[in-house]
Amino acid sequence: MDGGQPVPSPLVPLENASSDSSMSLEQKTTFVFVILLFIFLGILIVRCFRILLDPYRSMPTSTWADGLEGLEKGQFDHALA
C-alpha cells in the first residue's frame, strides 16, 4: 500500500508496541482481578455441587416447633396476644 511500512493499530498502545513482555500496572491489576474472580467462581461451583449432591447436610436438624414451649403445632390464636 504505502511502501510496506507497518500501520500502527489503534488497539495496541504505543508503549507496548516495542516490548510485548512487559505489562502495565493496569494490565497487572486487571489480570489479578480476573484471577480472583475465577477463584471465587470455582469456590461457588464447588459449593453448589456439594449442596446438590447432599442437600440435607446443610439444613439444621431442629425444626420451627422445637422452640415452642407448651404450645402444640397450629395453636397460634392465644399465642399472638
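Residues numbered from 1 in each chain as written. Predicted model: local features only at pLDDT ≥ 70, side-chain atom pairs only at ≥ 80, totals over all residues. Heavy atoms only, no water.

Another aspect to go through is the overall build of the protein. Secondary structure assignment for the protein yields one helix and zero strands. Counting all 81 residues of the protein, 2% fall into the buried class. When the accessible surface of the protein is summed, it comes to about 8,000 Å², and 66% of that surface belongs to carbon and sulfur atoms. (Helix = DSSP H or I, 4+ residues; strand = E, 2+ residues; numbered from the N terminus. Buried < 20%, exposed > 50% of the residue type's maximum accessible area, 1.4 Å probe, protein only. Areas by Shrake-Rupley, 256 points an atom, 1.4 Å probe, with all protein chains shown as cover.)

One pass over the full model with this rule turns up one salt bridge. We note a salt bridge from Arg57 to Asp54, for which the minimum N-O separation is 3.7 Å. Classification of Arg57 as partly exposed rests on a relative accessible area of 47%. (Salt bridge = Lys/Arg side-chain N within 4 Å of Asp/Glu carboxyl O.)

This part is about the UniProt feature "transmembrane region" (unreviewed entry) in the protein. UniProt's feature table lists "transmembrane region" (unreviewed entry) at residues 31–53, given in the numbering used throughout. The span residues 31–53 is 100% helix and 0% strand, and its two end C-alpha atoms sit 33 Å from each other. (UniProt positions renumbered as here; feature names shortened; annotations may be inferred.)

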